[in-house]
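# Tertiary structure, described
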Amino acid sequence: MAKEKVVLAYSGGLDTSIIIPWLKENYDYDVIAVCGDVGQGKETDGLEERAISCGASKLYIVDIIDEFCDDYIMPCVQANAI
């Protein structure tokens, strides 16, 4: 029987990095990490290696820059948010 899979919103920070081995040890999950690229640039460099070294089976970096700008940034600008 194949392991159950869980998808983790992964930032590469301490909290999301330590939860990967915890999920594997406590629930025997196959952890798949996903990072939303909202334009953070070089912050995603080395992210795959970090996720894999923590025990994730795969890391997907999803380009959501356009959606982030259209759905969040522009409404804030239009509302004169500071």
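Below is a summary of the structure that appears in this document. (Residues numbered from 1 in each chain as written. Predicted model: local features only at pLDDT ≥ 70, side-chain atom pairs only at ≥ 80, totals over all residues. Heavy atoms only, no water.)

## Looking at the pairing of strand S1 (residues 5–9)
When S1 meets strand S2 (residues 30–37), the two strands line up parallel, connected through five bridges. Opposite alanine 9, over in S2, you have valine 34 as the bridge partner. Where the polypeptide runs from S1 across helix H1 (residues 14–27) and back to S2, its parallel neighbour, the crossover connection is right-handed. (Pairing = 2+ DSSP bridges. Helix = DSSP H or I, 4+ residues; strand = E, 2+ residues; numbered from the N terminus. Right-handed = clockwise from strand over helix to strand, strands pointing away.)

## Some words on the packing of aromatic side chains
Two numbers describe a pair of aromatic rings. These are the distance of the centres and the angle of the planes. Scanning the entire structure with this criterion turns up three aromatic pairs. Their ring planes at 65° and their centres at 5.5 Å tell us that tryptophan 22 and tyrosine 27 sit as a pair that is edge-to-face. (Phe/Tyr/Trp six-rings, centres within 6.5 Å; stacked < 30°, edge-to-face > 60°.)

## Considerations on the nonpolar core
Counting 11 residues, the largest nonpolar core consists of Leu8, Tyr10, Ile20, Leu23, Val31, Ala33, Cys35, Leu47, Ala51, Ala56 and Leu59. Among the elements that make up this core, the one with the highest residue count is S2 (three residues). (Core = buried A, V, L, I, M, F, W, Y, C linked by side-chain atoms within 4.5 Å. Buried < 20%, exposed > 50% of the residue type's maximum accessible area, 1.4 Å probe, protein only.)

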